[in-house]
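# Geometric and topological summary
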Amino acid sequence: MDLHLSIKSSTQKPPSEGVARTRKRYKVADVHFHPTNYVQQGTDPVLLLAAMDELKIMYTTLSPIPTNVLARGCGNHDHDYDHNYDHAHDDYNPATGYPTNEANYYISSSHIKKNIVNIDSTTYQSNLEKDAPLYYNPGVDADTATRYRQLNEEQKKRFDPMITGLVLGDLRCSEDLLRKLSNNPGVFTGVGEITIHKEWVEKKVPVEHQANLNDRSAGIKGLMRTCGVIGMPVVLHCDVDVMLNRVEGVPAYFEPIKAFLADPLCVNTKIIWAHAGGLGKYSTISDGHLERLRQILESKAHSHVYFDLSWDTVAKQLLRKSQLDIVDDESRVQAFCKLLSDYPDRFLFGSDSLSPNTTAIWGATADLYAKVFNIIGKDVSKAIRYGNYERLIVSARPVVRAYERYCLPYAMILADMRQDNDVPDAVKAAIQRAVQDGIEVGLSLRAHEFEKKPIPPEIVNMQKHLMKVDELRLIATSVLEMSKPKPWETNLAFKTNYLNKLPGSKL
């Protein structure tokens, strides 16, 4: 028996206190939505549609949380059921309907999670120690693909599945991305939300699994370059500041993330810096934040960088003097509206709703921005609410599909080819050259299809000598029978067009 939970309309007061429900909801596209929580509980896309219609959400990303709370020893119980601990674990048997009731969020104390915006180092450290650690769950993307494929073709147009289950400290994370695309053709649009720095979370994941902006950036820079080639936009979380021991002046991570975004490996990828440039409940706004965003927006080196406005906590910081205030500050509202109006093509709406169970929760961020959407004028409002989503996300769909069609089969040959076998180095080099030619031809065909660019004569000539994918895969990945001729010896096209052209090849 399948058990499905749907989001139902709620008559309760919206979670953003002090915000009246708008009489007329504004149409939006949600670039930052998590259908599942930190233990992969959530709602199937087909069951999200009714709530999306009520909230006037045209499109939404499907960005599963890629880190799971480790269930055993999930520490800080707000209710005293420690005395039932052994009994509860004796009863645990999800196969017969007895799941665990352990924590499903990375901060188990509901008091801290909901109410505390400033926290002292002692409380922070004590909660870290008794809360459970987190671990990467690369399987979340396969789950997203399975649920997405249950939709009919019209329903699929409302969703953009995003890849999140990537271990960013791994230099092979780009190959993992390719494998997820190969295993799930026709599904994914982009990558993210993926995270570089996130206070609390980064203290609970093994450090070597993570990326940072200093000595563990190679993997994620390579991933940015890979996404640029494929045409996948990236939603990137990076706190702009540290949570504890903040100092006056420029926030701790602003200059490093600014340099990262301008890196040559990143500049050909559309990157959406989440939460209005790294704001959060603990990575809070500081004086001069809008001016620092303007620096990036005015910089030619950052013309590929965008910002999402996700999370009701972020909206409160942008519009109010304090997250705890319930009334907007007019001077802040006007300054924010001025920035949006000056750069209407660089901001996207997002909710950052996490596995919501009511429309009130999912709609809370949009409710907070209702005044802003009215002030900034019709054209700017449309661009930020859904126009930029259509331009960056929806338009990426066919581009990614074309990469899958023209290029991915070749790229996967190298991803699958073992480096520790008895294939001669000269043969491996020839295989790599043949793969690169196949991808280069594919990228040119894609540009011809979408950008109406003519196919250069050298590409036409290369295409004539291109190895067939199946033949090249046979050469690269076969189990060899040593007493028989090798596949690279019997394939005349491979020998003639690649192997024999290698300088110094004696095969």
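Just above, that's the structure.
One numbering rule holds for all chains: residues counted from 1, following each sequence as written. Per-residue local features are limited, in this predicted model, to residues with pLDDT of at least 70; the limit for side-chain atom pairs, both in listing and counting, is 80 or more; totals at the level of whole chains, interfaces and linings are taken over all residues. Side-chain descriptors were evaluated using all non-hydrogen atoms of the structure, hydrogens and water having been removed beforehand.

## Focus on the nonpolar core
- Formed by 102 residues in total, the largest nonpolar core has its most connected members in Met-232, Leu-236, Phe-260, Tyr-369, Ile-431 and Phe-494.
- In what follows, residue pairs with any heavy atoms lying within 4.5 Å of each other are defined as contacts. In contact with Phe-494, other than residues within four places in its own chain, are Val-427, Ala-430, Ile-431, Met-467, Leu-472, Ile-475, Trp-488 and Leu-499.
- Definition of nonpolar core: a set of buried residues of the types Ala, Val, Leu, Ile, Met, Phe, Trp, Tyr and Cys, connected through side-chain atoms within 4.5 Å. Exposure is judged per residue with a 1.4 Å probe applied to protein chains only, and the accessible area is read against the type maximum: over 50% gives exposed, under 20% gives buried, and values in between give partly exposed. If you look at the next biggest cluster of nonpolar residues, it comprises 19 residues, including Tyr-106, Tyr-124, Leu-128 and Tyr-282.

## Topic: the packing of aromatic side chains
- Aromatic pairs are defined between Phe, Tyr and Trp rings, using the six-membered ring for Trp, whenever the two ring centres lie within 6.5 Å; interplanar angles under 30 degrees are classed as stacked, those over 60 as edge-to-face, and all others as tilted. The tally for this structure, following the rule as stated, stands at 13 aromatic pairs.
- Taken together, the aromatic side chains of Tyr-26, Phe-336, Phe-349, Tyr-369 and Phe-373 make up a single cluster linked through ring pairs.
- Cation placement over rings: the criterion is NZ of Lys or CZ of Arg within 6 Å of the ring centroid and within 35° of the ring normal. Above the plane of the ring of Tyr-406 lies Arg-405, whose end atom (NZ or CZ) is 4.8 Å from the centre.

## Brief notes about the pairing of strand 10 (residues 305-308)
- Strands here mean DSSP runs of E at least two residues long; helices mean DSSP runs of H or I at least four residues long; both are numbered from the N terminus. Burial of strand 10 is two-sided: the residues Val-305 and Phe-307 facing one way and the residues Tyr-306 and Asp-308 facing the other way are all buried.
- Between any two strands, pairing holds if DSSP finds at least two bridges. Bridging between strand 9 (residues 271-273) and strand 10 involves 3 bridges; their strand directions are parallel. When the bridges of strand 10 are listed, Ile-271 appears paired with Val-305.
- Bridge count for strand 10 against strand 11 (residues 347-348) is 2 bridges, and the pairing is parallel. By the bridge assignment, Asp-308 is partnered in strand 11 with Leu-348.

## So, the packing of helix 7 (residues 173-183) against helix 8 (residues 218-230)
- As a rule, the C-alpha atoms of each element are fitted with a line to give its axis, helices using only the stretch in contact, and angles between N-to-C directions run from 0 to 180 degrees. Contact geometry of helix 7 with helix 8 gives a least axis separation of 8 Å together with a crossing angle of 35°. Facing Cys-173, Ser-174, Leu-177, Leu-178 and Leu-181 of helix 7, the residues of helix 8 in contact are Gly-219, Gly-222, Leu-223, Thr-226, Cys-227 and Ile-230.
- Any residue that is not Ala, Val, Leu, Ile, Met, Phe, Trp, Tyr, Cys, Pro, Asp, Glu, Lys or Arg is counted as polar, Gly included; the first ten are nonpolar and the last four charged. The residue makeup of the contact of helix 7 with helix 8, split by class, is 7 nonpolar, 4 polar and no charged.

## A few points about the packing of helix 19 (residues 408-416) against helix 22 (residues 469-477)
- Look at helix 19 against helix 22: their axes get within 10 Å of each other, and the N-to-C directions meet at 5°. Here helix 19 is positioned roughly parallel relative to helix 22, judged by the angle of their axes. Residues Pro-409, Tyr-410, Met-412, Ile-413 and Asp-416 of helix 19 touch helix 22, and the partners they reach there are Val-469, Leu-472, Arg-473, Ala-476 and Thr-477. Our angle categories are set so that under 35 degrees counts as roughly parallel, over 145 as roughly antiparallel, 65 to 115 as roughly perpendicular, and the remainder as oblique.

## Description of unusual backbone geometry
- The omega torsion across Gly-192 and Glu-193 is 15°, close enough to zero to call that bond cis.
- Positionally, Glu-193 belongs in strand 7 (residues 190-195).
- At Gln-40, a position not held by glycine, the phi torsion is positive, near 65°.
- Within the element layout of this structure, Gln-40 appears in the loop between strand 2 (33-34) and helix 1 (45-55).
- Overall, the relative accessible area of 18% leaves Gln-40 in the buried class.
- Positive phi outside glycine occurs at Lys-56, with the angle close to 60°.
- The class for Lys-56 is partly exposed, based on a relative accessible area of 37%.

## Quick word on empty space enclosed by the protein
- Points on a 1 Å grid over protein atoms alone make up a cavity when a 1.4 Å probe fits among them but cannot get out, and a pocket when they form an open set with protein on both sides within 12 Å along at least five of seven lines; lining residues each have an atom within 4 Å of a point. Grid points are joined across faces, edges and corners, and a volume is the space filled by probe spheres set on the points. Applying the stated rule across the entire model yields 2 cavities of 30 Å³ or more.
- By volume, the largest cavity is sized at about 110 Å³.
- Lining the largest cavity are 15 residues, with Arg-25, Tyr-26, Val-28, Ala-366 and Asp-367 sitting closest to its centre.
- Mapped by element, the contributors of at least two residues to the lining of the largest cavity are strand 1 (28-30), helix 15 (364-368) and helix 16 (370-375).
- Of the residues belonging to the lining of the largest cavity, the class tally is 9 nonpolar, 3 polar and 3 charged.

## So, the side chain of Asp-160
- Looking at the secondary structure, you find Asp-160 in strand 6 (residues 159-163).
- A polar contact of 2.7 Å, which involves the side chain of Asp-160, links it to the side chain of Tyr-389.
- Not counting residues within four places of it along the chain, the set of residues in contact with Asp-160 comprises Thr-60, Thr-61, Leu-62, Thr-189, Tyr-389, Ile-393, Val-394 and Arg-397. Any pair of N or O atoms that falls within 3.5 Å is considered a polar contact. Within protein, one atom must be able to donate a hydrogen and the other to accept it, and sequence-neighbouring residues count only if both atoms are side-chain atoms.

## With respect to the pattern of salt bridges
- Every case where a carboxyl oxygen of Asp or Glu lies within 4 Å of a side-chain nitrogen of Lys or Arg is listed as a salt bridge. This model, assessed by the stated rule, comprises 22 salt bridges.
- One salt bridge connects Lys-371 with Asp-328, and the closest N-O pair in it is separated by 3.5 Å. With Lys-371 in helix 16 and Asp-328 in the loop between helix 12 (312-319) and helix 13 (330-342), this pair connects stretches of sequence that are 43 residues apart.
- One continuous salt-bridge network, built from bridges that share partners, spans Arg-320, Asp-328, Glu-330 and Lys-371.

## Topic: the side chain of Lys-258
- Along the polypeptide, Lys-258 turns up in helix 9 (residues 254-261).
- The sign given to each residue is positive for Lys and Arg and negative for Asp and Glu; His and the chain ends receive no count. Buried and without a salt bridge, Lys-258 has Glu-255 as its closest oppositely charged side chain, separated by 4.4 Å.
- Every residue in contact with Lys-258, bar those within four places of it in the chain, is listed here: Gln-295, Ile-296 and His-302.

## Description of the environment of Asp-131
- Tracing the backbone through its elements, the reader meets Asp-131 in the loop between helix 4 (121-130) and strand 5 (134-136).
- A residue is classified by how much of its surface remains accessible, and Asp-131, at 6% relative accessible area, is buried.
- Each C-alpha atom of the pair Asp-131 and Val-314 lies 25 Å from the other, and the pair is 183 residues apart in sequence.

## Notes on the environment of Lys-180
- Mapped onto the secondary structure, Lys-180 falls in helix 7.
- With a relative accessible area of 12%, Lys-180 lands in the buried category.
- C-alpha of Lys-180 to C-alpha of Leu-443: the two residues are 263 residues apart in sequence and 20 Å apart in space.
- At 3.4 Å, the side chain of Lys-180 forms a polar contact with the backbone oxygen of Gly-165.

## Some details on helix 12
- The element helix 12 is largely enclosed, with a buried count of 8 among its 8 residues.
- Residues of helix 12 that are buried: Asp-312, Thr-313, Val-314, Ala-315, Lys-316, Gln-317, Leu-318 and Leu-319.
- Buried residues along helix 12 sit against helix 10 (274-278), helix 11 (289-298), helix 13, helix 15 and helix 16.

## Here we look at the sheet that holds strand 6
- With parallel pairing, 8 strands are arranged side by side in an open sheet as 1-3-6-7-8-9-10-11. Strands at the two margins of the open sheet, each flanked by one partner only, are strand 1 and strand 11.
- Of the strands in this sheet, strand 3 (57-62) and strand 6 are in contact with helix 1, which crosses strand 3 at around 140°.

## Here's the deal with helix 19
- Taken together, the buried positions of helix 19 are Leu-408, Tyr-410, Ala-411, Met-412, Ile-413 and Ala-415.
- Of the surrounding elements, those touching the buried residues of helix 19 are helix 7, helix 18 (396-406), helix 20 (425-450) and helix 22.

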